[in-house]
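# Structural features, examined
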Amino acid sequence: MTEYKTPMMDELEKGPWPSFVTELREAAKGSAMAEDLIGQMEKSYEEKKGLWKHGGIVGVKGYGSGVIGRYSDLPEEFPNVREFHTMRVNQPGGWFYNTETLKKICDIWEEKGSGLFNFHGATGDIILLGTTTAELQPTFDLLSEQGFDLGGSGSALRTPSSCVGPARCEWACFDTLDLCYDLTMAFQDYMHRPAWPYKFKIKISGCPNDCVAAIARSDLSIIGTWKGPIQVRQEAVKEYAASWSIDRYVTNTCPTKAFYYDDEKKEVRIDNANCVRCMNCINKMPKALKPGKERGASLLIGGKATILRSAFMSWVIVPFMKMEPPYTELKDLIGKIWDWWDENAKSRERIGELIYRKGMPEFLRATGLPAVPQMVRQPRANPYVFWDQDDLEK
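## Focus: the nonpolar core
- Judged by nonpolar contacts, the single largest core of 39 residues is most densely connected at Phe200, Ile202, Ile222, Met323, Trp338 and Phe363.
- Among the secondary structure elements, those contributing two or more residues to this core are helix H6 (176–186), strand S7 (202–205), strand S8 (220–227), strand S13 (294–301), strand S14 (315–321), helix H12 (328–344), helix H13 (351–358) and helix H14 (360–367).
- When near neighbours in sequence (up to four residues on either side) are disregarded, Met323 contacts Phe174, Leu179, Ile222, Gly296, Ala297, Leu299 and Leu330.

Quick look at the structure:
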């Protein structure tokens, strides 16, 4: 084993928090690949540039995605990371594992790869970091024997992911785990055989707390919500009033001033017409408040990080949709969205960027969705738009 001098990486081990460098050093005791990875990382810090070249999509039999090919720019200096491919493994909904399953995955990767993991990647998959081309198919075969499949990568549907939903959370407005599994199984071909202009991500949150951050980082965000009034238990309100200031922590932090507290009666009143379902009051007073009885989800489109254009937050296209098996209405809409995107998008153009370029009206015509107030991101800034009588009548 070669021990590299790593003064710059040493700095990352200082301070009160756990460091990935410490874990790399531990892995390097039994992995030459991890040892050379340390050496190459130190050099990349010194030279202030990445020393990897992307090798495109390296696949296994029958799959066009799930493996990301990476090769060292310095194969002679760091021969053990000459090939350093990454495998994405389809995670269970809500990221539930038992110890036995995790041990089996670890054993496979220590035998076939570097032993390095990322739990979990931005898509949600288990990320197996670093193996050779020759070990890809054997690794996949072993994972398949344990019931695991590869996730999506490249210009394909990325692995759908969801929050823990009703398994652990009382605020879940629908069964996120069931929906995630259903979509994953229904759209397998779109995940494993890239055929699109670019990637498409679906993330599912059971309530507006959005614990998977779907709104900021998925092309289609499915966010649990409800219709009708928030349910209130006035008896529990009195308990909260006896211990802390409801006005200070709830009333004064309601973004639309829809929350009212009567200090004399020790009762809460909510202007549900102006409630934006931010969950602020429910999070602060969970014993007294909970979502309304008629539950479903809002659908939002276009969230992404910066690529061709700046980072986008997704915006509403369907304010409320029931989320019940077999999810036919949702799947039909997804199909229309994909058809329009696939036909009109440029290479590496996400759906949000396409809508930005083509305009929301064209997207709505293609998908058959009605225009609704929730789609308005901000008031129109240009006053010089004129209408004639025919337009108004139409």
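## What about the sheet that holds S14?
- Read across the open sheet, the 5 strands follow the order S6-S7-S8-S13-S14; overall the sheet is mixed. Bordering the open sheet on either side are strand S6 (161–162) and S14, each of which pairs with just one other strand.
- Running at roughly 165° to S7, H6 makes contact with S6, S7 and S8 of the sheet.

## Observations concerning the environment of Val212
- Along the chain, the position of Val212 falls in the loop between S7 and helix H8 (214–217).
- For the pair Val212 and Pro160, spaced 52 residues apart in sequence, the C-alpha to C-alpha distance is 11 Å.
- If near-sequence neighbours (up to four positions away) are discounted, Val212 is found in contact with Trp95, Ser162, Cys163, Lys203, Ile204, Ser205 and Arg217.

## Notes on empty space enclosed by the protein
- This model, assessed by the stated rule, comprises 1 cavity of 30 Å³ or more.
- Put simply, the largest cavity is a space of about 120 Å³.
- Lining the largest cavity are 16 residues, with Ile230, Cys254, Cys275, Cys278 and Cys281 positioned closest to its centre.
- The biggest single contributor to the lining of the largest cavity is helix H11 (residues 280–284), with 3 residues.
- Of the residues that constitute the lining of the largest cavity, the class distribution is 13 nonpolar, 2 polar and 1 charged.

## Structural notes on the packing of aromatic side chains
- Throughout the structure, instances matching the rule amount to 18 aromatic pairs.
- An angle of 50° between the planes, with centres 5.7 Å apart, marks the rings of Tyr4 and Phe78 as tilted. Placement of the pair is Tyr4 in the segment before helix H1 (7–11) and Phe78 in the loop between strand S2 (67–72) and strand S3 (86–89), with a sequence separation of 74 residues.
- Ring centres 6.2 Å apart and planes at 70° place the aromatic pair Trp196 and Phe200 in the edge-to-face group. Each member of the pair Trp196 and Phe200 is classed as buried.
- Each residue in the set Phe187, Tyr190, Trp196, Phe200, Trp338 and Trp341 is aromatic and connected to the rest through ring pairs, giving one cluster.
- Between Arg269 and the ring centre of Tyr260, over which it is positioned, the NZ or CZ distance is 4.7 Å.
- Of note, Lys304 hangs over the ring of Phe312, and the distance from its end group to the ring centre comes to 4.8 Å.

What counts, and at which threshold
- Residues numbered from 1 in each chain as written.
- Predicted model: local features only at pLDDT ≥ 70, side-chain atom pairs only at ≥ 80, totals over all residues.
- Heavy atoms only, no water.
- Core = buried A, V, L, I, M, F, W, Y, C linked by side-chain atoms within 4.5 Å.
- Buried < 20%, exposed > 50% of the residue type's maximum accessible area, 1.4 Å probe, protein only.
- Helix = DSSP H or I, 4+ residues; strand = E, 2+ residues; numbered from the N terminus.
- Contact = heavy atoms within 4.5 Å.
- Pairing = 2+ DSSP bridges.
- Axes fitted to C-alpha atoms, helices over the stretch in contact; angles between N-to-C directions.
- 1 Å grid on protein atoms, 1.4 Å probe; cavity = no way out; pocket = protein on both sides within 12 Å on 5 of 7 lines; lining within 4 Å.
- Points joined across faces, edges and corners; volume = space filled by probe spheres on them.
- Nonpolar A, V, L, I, M, F, W, Y, C, P; charged D, E, K, R; others polar.
- Phe/Tyr/Trp six-rings, centres within 6.5 Å; stacked < 30°, edge-to-face > 60°.
- Lys NZ or Arg CZ within 6 Å of the ring centre and 35° of its normal.

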